[in-house]
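Chain residues, written in single-letter form:
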Amino acid sequence: MSLPSAVPHAPSATTPAPPGSFVLWGDVAGPATLAVADLREGWEQHRAEVVFDCATAGPQHHTFTGPLLREVMAVARPGFDPARRKERSRFLVSVSGGDGHHTVLSWAEIDADFGNAPVLLATRMDEEDLDAVGTQLVVPSDRCGARYVSAVTGIWIGAHRLPGTPPSED
Ligand SMILES: Nc1nc2c(c(=O)[nH]1)N[C@H]1C(S)=C(S)[C@@H](COP(=O)(O)O)O[C@H]1N2
Ligand SMILES: [Mo]
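To start, this report covers the structure provided alongside it. (Residues numbered from 1 in each chain as written. Chains lettered and ligands numbered in written order. Predicted model: local features only at pLDDT ≥ 70, side-chain atom pairs only at ≥ 80, totals over all residues. Heavy atoms only, no water.)

So, the pattern of salt bridges
A full pass over the atoms with the stated rule returns eleven salt bridges. When the shortest N-O distance is used, the salt bridge between E127 and R47 registers 3.4 Å. On the criterion of sequence distance, the pair formed by E127 in the loop between β9 (124-125) and β10 (128-129) and R47 in strand β4 (residues 46-54) is long-range, its members being 80 residues apart. Exposure remark for R47: the relative accessible area of 53% places this residue in the exposed category. The salt bridge partner of R124 is D129, with a shortest N-O separation of 2.6 Å. Judged by relative accessible area, which is 24%, R124 ranks as partly exposed. One network of salt bridges, with partners in common, ties together R40, R47, R124, E127, D129 and D131. (Salt bridge = Lys/Arg side-chain N within 4 Å of Asp/Glu carboxyl O. Helix = DSSP H or I, 4+ residues; strand = E, 2+ residues; numbered from the N terminus. Buried < 20%, exposed > 50% of the residue type's maximum accessible area, 1.4 Å probe, protein only.)

Regarding the sheet that holds β10
Taken together, four strands build an open sheet; the order of strands is β4-β5-β9-β10 and the sheet is antiparallel. At either end of the open sheet lies a strand with only one pairing partner, and these are β4 and β10. In this structure, β9 lies alongside β10, joined through two bridges in antiparallel fashion. Across the sheet, M125 pairs through a bridge with E128, a residue of β10. (Pairing = 2+ DSSP bridges.)

As for the site of ligand 1
In the vicinity of ligand 1, the contacting residues are F52, C54, D99, H101, G145, A146, Y148, V149 and S150. Take Y148: an N or O atom from its main chain is 2.8 Å from a nitrogen atom of ligand 1. With the chains in place, 63% of the 520 Å² that ligand 1 exposes on its own is no longer accessible. The residue makeup of the shell around ligand 1, split by class, is five nonpolar, three polar and one charged. (Near = heavy atom within 4 Å. Polar contact = N/O pair within 3.5 Å; in protein donor to acceptor, adjacent residues only side chain to side chain. Areas by Shrake-Rupley, 256 points an atom, 1.4 Å probe, with all protein chains shown as cover. Nonpolar A, V, L, I, M, F, W, Y, C, P; charged D, E, K, R; others polar.)

Quick notes on the pairing of strand β7 (residues 102-106)
Side-chain alternation along β7 places T103 and L105 on a buried face and H102, V104 and S106 on a face that remains uncovered. As judged from the five bridges shared by strand β6 (residues 91-97) and β7, these two strands associate in the antiparallel manner. Bridge pairing in β7 places S94 opposite V104.

Structure representation (structure tokens):
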């Protein structure tokens with residue numbers, strides 16, 4: 001597996017990822033910048049034939065190829081103990097496009113011990129490589145297209161903590 005180049009600090013609006021790449025950041029031990037080519041090298045590729053509905057454009061049919069989101073996110077080492085399911089269940093993932101569209105998933109949706117949804121980061125859509133455009137989030141279990149975020153520039157992960165409560169030890 002080709003290791004992504006680590007960045008020494010959390011990305012901000014002033015440190016955008018290069019075109020076609022995205023930053024993995026948030027509560028992680030190793031923030032990383034990944035290009036679409038990296039997604040093709042390091043992980044098992046999955047194929048998904050999907051149909052999703054758009055309120056304005058109607059049903060869309062696409063075939064996507066790419067690695068599982070949860071496997072890609074593991075390289076950044078999210079700030080949970082991987083052995084503690086209860087701790088993992090508090091984490092949220094926010095995926096943003098370069099145009100400002102952003103959406104969230106719960107980590108538990110994609111975790112094999114919880115929802116186990118085969119959410120992908122696409123390297124190809126309908127046999128077209130996405131290197132120049134950037135990866136696209138693929139949520140095959142969604143009926144609506146809103147979470148199929150295209151031209152992804154950032155993926156953040158962090159725990160939801162109730163206001164005023166310290167991190168739990170369980
Ligand atoms: N970056 C980005 N991705 C996006 C959107 C968007 O506005 N920006 N719209 C979403 C919505 S609402 C739908 S239905 C699908 C399909 O959008 P399309 O009509 O552009 O194919 O893309 C999703 N991904
Ligand atoms: Mo949509």
